[in-house]
Amino acid sequence: MVAVVCIALLVIIFLLDTFNATVYSVGGNDIQDNSQESRDIRGLYDGARVGSIVFLVAALLAAAVSGWVLYRGRKQGGADTDSGEDVDFDDLGR
């Protein structure tokens, strides 16, 4: 779930960057200029972008590790939790 949120955040940041560059370019300016204003606009979302990439990588690693642990636990067989007792619907209602 964290990975999905990070990807959505990256898409939103990309859209905001594109919007800011478009609005800045409407006035006849170029976002690729070497002016301070252009650099400020280009670097506006750098922290959020780096943070979401870090959390995305961490979430993907956590998902991979947890999948591996679940797979390993399934291969080892684990403890048998079936006691052989047959429970029907009426027994569950009591």
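Above this note sits the structure.
Rules used throughout
- Residues numbered from 1 in each chain as written.
- Predicted model: local features only at pLDDT ≥ 70, side-chain atom pairs only at ≥ 80, totals over all residues.
- Heavy atoms only, no water.
- Helix = DSSP H or I, 4+ residues; strand = E, 2+ residues; numbered from the N terminus.
- Rg over C-alpha atoms; globule rule 2.2 N^0.38 Å.
- Buried < 20%, exposed > 50% of the residue type's maximum accessible area, 1.4 Å probe, protein only.
- Contact = heavy atoms within 4.5 Å.
- Areas by Shrake-Rupley, 256 points an atom, 1.4 Å probe, with all protein chains shown as cover.
- Lys, Arg positive; Asp, Glu negative; His and termini not counted.
- Charge placed at Lys NZ, Arg CZ, Asp CG, Glu CD.
- Polar contact = N/O pair within 3.5 Å; in protein donor to acceptor, adjacent residues only side chain to side chain.
- Patch = residues over 30% accessible without salt bridge, like charges linked within 9 Å, V, L, I, M, F, W, Y side chains within 5 Å.
- Salt bridge = Lys/Arg side-chain N within 4 Å of Asp/Glu carboxyl O.
- Axes fitted to C-alpha atoms, helices over the stretch in contact; angles between N-to-C directions.
- Parallel < 35°, antiparallel > 145°, perpendicular 65-115°, else oblique.
- Left-handed = near helix turned anticlockwise from the far one by under 90°.
- Nonpolar A, V, L, I, M, F, W, Y, C, P; charged D, E, K, R; others polar.

Caption draft 1: Inspection of the overall build of the protein chain at higher detail. Scanning the protein chain from N- to C-terminus turns up four helices and zero strands. Secondary structure elements of the protein chain, listed N to C terminal, follow the sequence α-α-α-α. The C-alpha atoms of the protein chain give 26 Å as radius of gyration, which overshoots the globular expectation for 94 residues (12 Å, by more than 25%). If you line up the protein chain on its principal axes, its C-alpha atoms span 80 × 35 × 15 Å. Out of the 94 residues in the protein chain, the part that is buried amounts to 13%. By sequence separation, contacts in the protein chain at least 24 residues apart represent 62% of the contacts at least 6 residues apart. For the protein chain, the accessible surface area stands at approximately 7,600 Å², while carbon and sulfur atoms represent 65% of it. Considering the protein chain, the positive charge centre built from 7 side chains and the negative charge centre built from 13 side chains are found 10 Å apart.

Caption draft 2: Geometry of the side chain of Ser-38. For Ser-38, the location among the structural elements is in helix 2 (residues 36–42). Ser-38 sits in the buried class, given a relative accessible area of 0%. Polar side-chain contacts of Ser-38 include one of 3.2 Å to the side chain of Tyr-24.

Caption draft 3: Spotlight on a negative patch on the surface. Together, Glu-85, Asp-86, Asp-88 and Asp-90 make up a region of like negative charge exposed at the surface. By relative accessible area, Glu-85 is classed as exposed at 60%.

Caption draft 4: Quick peek at the packing of helix 1 (residues 2–26) against helix 3 (residues 46–76). The interhelical angle for the contact between helix 1 and helix 3, taken along N-to-C directions, is 155 degrees, at an axis separation of 8 Å. With respect to helix 3, the axis of helix 1 lies roughly antiparallel. In the crossing of helix 1 with helix 3, the sense of the turn from one axis to the other is left-handed. Here Val-2, Ala-3, Cys-6, Ile-7, Leu-9, Leu-10, Ile-13 and Asp-17 of helix 1 lie close against helix 3, whose contacting residues are Ala-48, Arg-49, Ser-52, Ile-53, Phe-55, Leu-56, Ala-59 and Leu-60. Grouping the constituent residues of the contact of helix 1 with helix 3 by class yields 13 nonpolar, one polar and two charged.

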